Amino acid sequence: MASSAQKRSHGVTALAYAIAIAGSALVIGARVFPDGPVRSFCATVIFLGAVSAAGAFGGWKPGFLTTALSACGAALFLVRPYYTFRIANTSDLLRILGSVMAGIAISLFCEALHRARARIEERQQRLAQALQQLQIITESMSALIVQCSRDLRYRWVSKSYSDWIGLPADELAGRPLVEILGREAFEQLQPRFNRALAGQRVQFEEVIDVKRLGRRWVHVIYTPTMSEDGAVDGWVAAIVDLTERRQVEEALRHSQERFARFMQFLPGSAWIKDLQGRYVFANDAAVNIFSRPRASLYGKSDRELFPGTEAEQFAENDRKALASQTGVQLVETLKQSDGVVHHSLVSKFPILGADLKPTFVGGIAIDITDRLQSERVRTESEQRFRQLAENINEVFWMVDVGTSEVLYISPAYERIWGRTCQSLLERPMSFLDAVHPDDLERVRRDAFKRPHRDVPIDDEYRIVTPQGDLKWIRNRAFPVKDDDGQIYRLAGIAEDITDKKRAEEALKDADRRKDEFLATLS
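Draft legend 1. Just the overall build of the chain, in detail. Regarding its fold elements, the chain presents 18 helices and 15 strands. Whereas a compact globule of 522 residues would reach a radius of gyration of roughly 24 Å, the chain reaches 59 Å, over 25% beyond that. Seen along its three principal axes, the alpha-carbon backbone of the chain occupies a region of about 215 × 55 × 45 Å. When each of the 522 residues of the chain is scored for burial, the buried share is 33%. Across the chain, contacts joining residues at least 24 apart in sequence account for 41% of those joining residues at least 6 apart. Here the chain displays about 31600 Å² of accessible surface, and carbon together with sulfur accounts for 57% of that area. Across the chain, the mean location of the 69 positive side-chain charges is 12 Å away from that of the 68 negative side-chain charges.

Given below as structure tokens:
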């Protein structure tokens, strides 16, 4: 652009000098007219026109050149004596001097006009550059820029605003604000328009229901503009649409609230540490367990909070969690304020950042101290039970009512039935294989009815062992109920009463012989 402007300037300057030479030649050409007032008039008119034209195109230099060449030509060819610079007639000398003075004045005047025009063009160029730069700035800004007039119409809008509102910028210029914004938004904003027109700088942030756009959360600044006489003639508005950011912030706030509520009601302690092992979050349960307020907990590492062995345990498990993609689950111990060493089932896991690399270490712990104690008590109870059941002569058994599965059978079963416990575990009804044929139907019927009876059962029947021995069995069963009062197990004791039955038979036989003997005596 600068090169083309320079070429154009050089062309105009060359034209000005060409006019100067041609004009001077035309002044000399006035010699064709007869000597007298006509020649003098024509030469003067041609001279003044040439000086004016040369000065208008090139400034004072072409004007001065026209003046000098014309004066020399007039002295040589238009006044007597010809072909010499000596002027005999005083009036001719005065006319030539007057023309030179007029040429100088015209040249200087044209120079002033030329410079004034150059200054105007320079200012216009600077203004165009400033407007271009302003357009670039406004188009690159996140803010939407609008200029409004005192009569509440658009004067100018940035491209970003026209894109936001959905109309071309040239269609917005001159249109009323109420037409574009909508009546509801216009009435909501009108008090602030009035304050801006009163000369106040207005700044606010609120939700506006904009026509075509719906509800938008915006941050707005109105800056009054002044006319040449110092009166407020409108304002410039800078608008930032915060809707998406507000939606993200609102979603984040809801997420944080849900996270806080989740952590509050989590049945255990939870915490988050940074990669240096410093606590950045702990829920109420963790604060209670650690026996420290959050102010003294946050920013501290395990080595600053707990004894050496426990701190090293926690730090080592953190390292394992960071080295794992899915986290680790393990048991940690901590002596708490009640003086008891508590056992906790802990899940530790890496928390990834936006770059998918570990940024924090999360942990959740469930206190299993009571459960471990209960399991220990139950184990000890089961051991005592087994010791008792495995050392008594009776068969202790337990059956699941729902599945008919044999849950337990004591070793005495093998001694009395002559069959393995494993065979009964595999076939819960296999004990019927040994029942005496005369008792089998009754025992089988009672075995199927027994789970549905809510009363203890006391039954006697005979069995035949694989070795052919006949034995009498007394089987006593009783229902076991759950917390809802429903029968879910049957437990019982099967006792070998063969010797008792033989003694009863011997007693009955002795009584019979006694009765026969007494009858004989009588």
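From this point, the discussion proceeds with the structure in view.
Draft legend 2. Representation of unusual backbone geometry within the structure. In this model, R212 sits at a positive phi of 80°, which is unusual for a non-glycine residue. Relative to the elements of secondary structure, R212 occurs in the loop between β3 (202-210) and β4 (214-226). A positive phi angle, near 65°, is found at S404, a position not held by glycine.

Draft legend 3. Main features of the nonpolar core. Counting 31 residues, the largest nonpolar core has Y161, L177, L181, F193, Y222 and W235 as the members making the most contacts within it. Looking at this core, the elements with two or more residues in it are β1 (144-149), β2 (154-157), α5 (159-165), α7 (177-181), α8 (183-197), β3, β4 and β5 (232-241). The leading source of residues in this core is α8, at 6 residues. By size, the runner-up hydrophobic cluster in this structure holds 23 residues, among which are V395, V406, C421 and A447.

Draft legend 4. Spotlight on the pattern of salt bridges. Per the stated rule, a full pass over the model turns up 34 salt bridges. A salt bridge links E111 to R115, with the shortest nitrogen-to-oxygen separation between them at 2.7 Å. With E111 and R115 both in helix α4 (residues 90-140) and 4 residues apart, the pair spans about one turn of that helix. Here R115 falls in the partly exposed class, since its relative accessible area comes to 47%. A salt bridge links R442 to D459; the shortest N-O distance between them is 2.8 Å. With R442 in helix α17 (residues 437-449) and D459 in strand β13 (residues 457-464), this residue pair connects regions lying 17 residues apart in the sequence. Classification of R442 as partly exposed rests on a relative accessible area of 28%. Under the relative-accessibility criterion, D459 is labelled buried at 13%. Salt bridges sharing common partners tie together K273, D302, D318, E332 and K348.

What counts, and where the lines are drawn
Residues numbered from 1 in each chain as written. Predicted model: local features only at pLDDT ≥ 70, side-chain atom pairs only at ≥ 80, totals over all residues. Heavy atoms only, no water. Helix = DSSP H or I, 4+ residues; strand = E, 2+ residues; numbered from the N terminus. Rg over C-alpha atoms; globule rule 2.2 N^0.38 Å. Buried < 20%, exposed > 50% of the residue type's maximum accessible area, 1.4 Å probe, protein only. Contact = heavy atoms within 4.5 Å. Areas by Shrake-Rupley, 256 points an atom, 1.4 Å probe, with all protein chains shown as cover. Lys, Arg positive; Asp, Glu negative; His and termini not counted. Charge placed at Lys NZ, Arg CZ, Asp CG, Glu CD. Core = buried A, V, L, I, M, F, W, Y, C linked by side-chain atoms within 4.5 Å. Salt bridge = Lys/Arg side-chain N within 4 Å of Asp/Glu carboxyl O.

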